[in-house]
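# Coordinate analysis (summary)
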Amino acid sequence: QVQLVESGGGLVQTGGSLRLSCAASGSIFRINNMAWYRQAPGKQRELVAVITSGGVTNYADSVKGRFTISRDNAKITVNLQMNSLKPEDTAVYYCKIRLGRRPSSILEDYWGQGTQVTVSS
């Protein structure tokens with residue numbers, strides 16, 4: 001069984017910063033891409049940032065230059081540093097890790113439970 005636990009959400013004023021973390025535990029053999037998504041009320045879930053196993057990153061246009069994704073393979077964690085936050089960043093943020101549980105396993109996506117980020121104006 002694999003579990004993803006997120007932390008770091010909260011309430012912050014416009015222009016402030018938050019750091020989200022997501023730690024995976026359980027039976028894990030191989031890690032592939034790690035990513036952060038978000039879902040605002042009444043909107044579809046959207047990709048915020050992704051980091052490949054080789055460390056290549058990609059960001060949504062709306063967060064480029066403000067957010068930074070990073071990973072620690074030894075600890076099986078993915079982080080999202082969010083700076084210069086805006087009210088439109090308000091959403092529930094979810095981490096997603098693509099991993100294989102055994103040497104012969106296919107890669108599967110696992111999701112965190114979500115953490116609320118609220119940016120006040």
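Basis of the calculations
- Residues numbered from 1 in each chain as written.
- Predicted model: local features only at pLDDT ≥ 70, side-chain atom pairs only at ≥ 80, totals over all residues.
- Heavy atoms only, no water.
- Helix = DSSP H or I, 4+ residues; strand = E, 2+ residues; numbered from the N terminus.
- Buried < 20%, exposed > 50% of the residue type's maximum accessible area, 1.4 Å probe, protein only.
- Contact = heavy atoms within 4.5 Å.
- Polar contact = N/O pair within 3.5 Å; in protein donor to acceptor, adjacent residues only side chain to side chain.
- Phe/Tyr/Trp six-rings, centres within 6.5 Å; stacked < 30°, edge-to-face > 60°.
- Lys NZ or Arg CZ within 6 Å of the ring centre and 35° of its normal.
- Salt bridge = Lys/Arg side-chain N within 4 Å of Asp/Glu carboxyl O.
- Pairing = 2+ DSSP bridges.
- Axes fitted to C-alpha atoms, helices over the stretch in contact; angles between N-to-C directions.

## Description of the environment of S84
- Relative to the elements of secondary structure, S84 occurs in the loop between β8 (77-82) and β9 (91-100).
- On the basis of relative accessible area, S84 is assigned to the partly exposed category, the value being 41%.
- Here the alpha-carbon distance between S84 and S17, two residues 67 residues apart in the chain, equals 6.2 Å.
- Not counting the four nearest positions on each side in its chain, S84 is found in contact with G15, G16, S17, R66 and D89.

## Some remarks on the side chain of R66
- Along the chain, the position of R66 falls in the loop between β6 (57-59) and β7 (67-72).
- Looking at R66, the relative accessible area reads 10%, which means it is buried.
- Side-chain polar atoms of R66 contact the side chain of D89, separated by 2.8 Å.
- Once residues within four sequence positions are removed from consideration, R66 is found in contact with Q81, M82, N83, S84, L85, K86 and D89.

## What to know about the packing of aromatic side chains
- Tallied over the entire structure, the rule returns one aromatic pair.
- Positioned above the aromatic ring of W111 is the side chain of R45, whose terminal nitrogen or guanidinium carbon lies 4.8 Å from the ring centre.

## Side note on the side chain of K96
- In this fold, K96 is placed in strand β9.
- A polar side-chain atom of K96 sits 3.1 Å from a polar atom in the side chain of Y37.
- In contact with K96, not counting residues within four places along its chain, are N33, M34, A35, Y37, D109, Y110 and W111.

## Describing the pattern of salt bridges
- Overall, the coordinates contain six salt bridges when judged by the stated rule.
- Between E46 and R38 there is a salt bridge whose closest N-O contact spans 2.7 Å.
- Among the residues examined, E46 registers a relative accessible area of 35% and is labelled partly exposed.
- A salt bridge links K64 to D61; the shortest N-O distance between them is 3.1 Å.

## Overview of the sheet that holds β8
- Strand order across the open sheet formed by four strands is β1-β3-β8-β7, with antiparallel pairing between neighbours. Two strands in the sheet have a free side with no partner beyond their single neighbour: β1 (2-7) and β7. Across the sheet, the mean angle separating the axes of adjacent strands is 15° when strand polarity is ignored.
- Direction of pairing for strand β3 (residues 18-26) relative to β8: antiparallel, over a ladder of six bridges. Directly across from A23, in β8, lies its bridge partner T77.

## Let's talk about the pairing of β7
- Because side chains alternate across β7, one face comprises the buried residues F67, I69 and R71, and the other comprises T68, S70 and D72, none of which is buried.
- In this antiparallel pair of consecutive strands, β7 and β8, the connection spans four residues, and I76 shows a positive phi of 50°.

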